Amino acid sequence: MKAVDVRTMTDDQLQDELLKLKKEQFNLRFQQASGQLENTARVRKVRRDIARIQTIQAQRGAEKRKGS
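Residues numbered from 1 in each chain as written. Predicted model: local features only at pLDDT ≥ 70, side-chain atom pairs only at ≥ 80, totals over all residues. Heavy atoms only, no water.

K.L.:
Quick one: what's the story with the packing of helix α2 (residues 11–34) against helix α3 (residues 41–67), residue by residue and with numbers?
P.N.:
To describe two helices that pack against each other, one gives the angle between their axes and the distance between the axes. For the pair α2 and α3, interaxial distance at closest approach is 9 Å and the crossing angle is 150°. Comparing their axes, α3 and α2 come out roughly antiparallel. Seen from above, α2 lies across α3 with left-handed handedness. Contacts between α2 and α3 involve Asp 11, Leu 14, Gln 15, Glu 17, Leu 18, Leu 21, Lys 22, Glu 24, Gln 25, Leu 28 and Gln 32 from the first element and Arg 42, Val 43, Val 46, Arg 47, Asp 49, Ile 50, Ile 53, Gln 54, Ile 56, Gln 57, Arg 60 and Lys 64 from the second. Its residues assigned to classes, the contact of α2 with α3 comprises 9 nonpolar, 5 polar and 9 charged. (Axes fitted to C-alpha atoms, helices over the stretch in contact; angles between N-to-C directions. Helix = DSSP H or I, 4+ residues; strand = E, 2+ residues; numbered from the N terminus. Parallel < 35°, antiparallel > 145°, perpendicular 65-115°, else oblique. Left-handed = near helix turned anticlockwise from the far one by under 90°. Contact = heavy atoms within 4.5 Å. Nonpolar A, V, L, I, M, F, W, Y, C, P; charged D, E, K, R; others polar.)

K.L.:
Before we move on, can you summarise the environment of Val 4 with the specific residues and values?
P.N.:
Checked against the element boundaries, Val 4 lands in helix α1 (residues 3–7). With 11 residues separating them along the chain, Val 4 and Gln 15 place their C-alpha atoms 16 Å apart.

K.L.:
A description of the nonpolar core should follow, citing residues and the corresponding values.
P.N.:
Listed in full, the 12 residues of the largest apolar core are Val 6, Met 9, Leu 14, Leu 18, Leu 21, Leu 28, Leu 37, Val 43, Val 46, Ile 50, Ile 53 and Ile 56. Of all the elements in the fold, those that place two or more residues in this core are α2 and α3. Top element by residues in this core is α3. It accounts for 5 residues. Every residue in contact with Leu 14, bar those within four places of it in the chain, is listed here: Val 6, Met 9, Ile 53, Ile 56, Gln 57 and Arg 60. (Core = buried A, V, L, I, M, F, W, Y, C linked by side-chain atoms within 4.5 Å. Buried < 20%, exposed > 50% of the residue type's maximum accessible area, 1.4 Å probe, protein only.)

K.L.:
Outline the packing of aromatic side chains, listing residues and values.
P.N.:
Working definition: an aromatic ring pair is given by the centre-to-centre distance plus the angle between the planes. Enumeration over the complete set of coordinates arrives at 1 aromatic pair. The interplanar angle of 35° and the centroid separation of 6.3 Å between the aromatic rings of Phe 26 and Phe 30 together place this pair among those described as tilted. Separated by 4 residues within a single helix, Phe 26 and Phe 30 lie in helix α2, roughly one turn from each other. Phe 26 gets classed as exposed once you look at its relative accessible area, which sits at 53%. (Phe/Tyr/Trp six-rings, centres within 6.5 Å; stacked < 30°, edge-to-face > 60°.)

Structure representation (structure tokens):
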């Protein structure tokens, strides 16, 4: 997921995507612990996508506070 794609999402869409990614991260961690994880690069990609969404949400929150 690219930052441009994330910025075009609404706040609700970002929250839904964040929830989905956190669930996926949990499942990936569980697979890794049990030795069933095949695509180890997916863990890193999901972690970065979560950080990207959280960064955009923080920026939007700062803009709202600044504008008020």
